[in-house]
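# Report on the structure
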Amino acid sequence: MSNNIIFHGHTNDPTSAIFNSDVFLFPTKGEGFSNAMIEAISYGLVVLSYENSSMPEMKEQGFNIHLVEDQNQKLLNDKLIYILENFKKEKELSFQNCSLAKDFFSKEKEKNEYLALLV
């Protein structure tokens, strides 16, 4: 299984990395909500992150993502193994994120929310 795992790290071609990936592993020490996370969710990658950032809010919004306790590497490892062992189901769930992301991150929604603040 390990020969199928590639850690991309920083890339100048994120689109290619996304289209050639299935899982987005985001074990950050508290980085906010990154554009890479939005792209991963929007393109149907299975997302696994520590729950120390804004990710719990995304789960509350209905996105299918996996969160584990901050800095708990064992739980991160265990959850990644779970995802791989249940990969077909996990990919199906992650593809449901695509349509939700299209609505959630739409320019129209953002515009309407800003206008509501001004009223």
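Our subject is the structure that appears above.
Presented here is an overview of the structure given in this document.

Cut-off values and rules
Residues numbered from 1 in each chain as written. Predicted model: local features only at pLDDT ≥ 70, side-chain atom pairs only at ≥ 80, totals over all residues. Heavy atoms only, no water. Buried < 20%, exposed > 50% of the residue type's maximum accessible area, 1.4 Å probe, protein only. Helix = DSSP H or I, 4+ residues; strand = E, 2+ residues; numbered from the N terminus. Pairing = 2+ DSSP bridges. Right-handed = clockwise from strand over helix to strand, strands pointing away.

## Observations regarding the pairing of strand β2 (residues 46-50)
Across the five residues of β2, five count as buried, placing the element largely inside the fold. Of the two faces of β2, the one carrying Val-46, Leu-48 and Tyr-50 and the one carrying Val-47 and Ser-49 are both buried. Pairing geometry for strand β1 (residues 23-26) and β2, over four bridges, is parallel. From the neighbouring strand, Phe-24 faces β2, where its bridge partner is Val-47. Of the strand pairs in this sheet, β2 and strand β3 (residues 66-68) are connected by three bridges, and their pairing is parallel. In the sheet register, Ser-49 faces β3, and the bridge partner there is Leu-67. After leaving β2, the chain enters helix α3 (residues 55-60) and then returns to the sheet as β3, a path that is right-handed.

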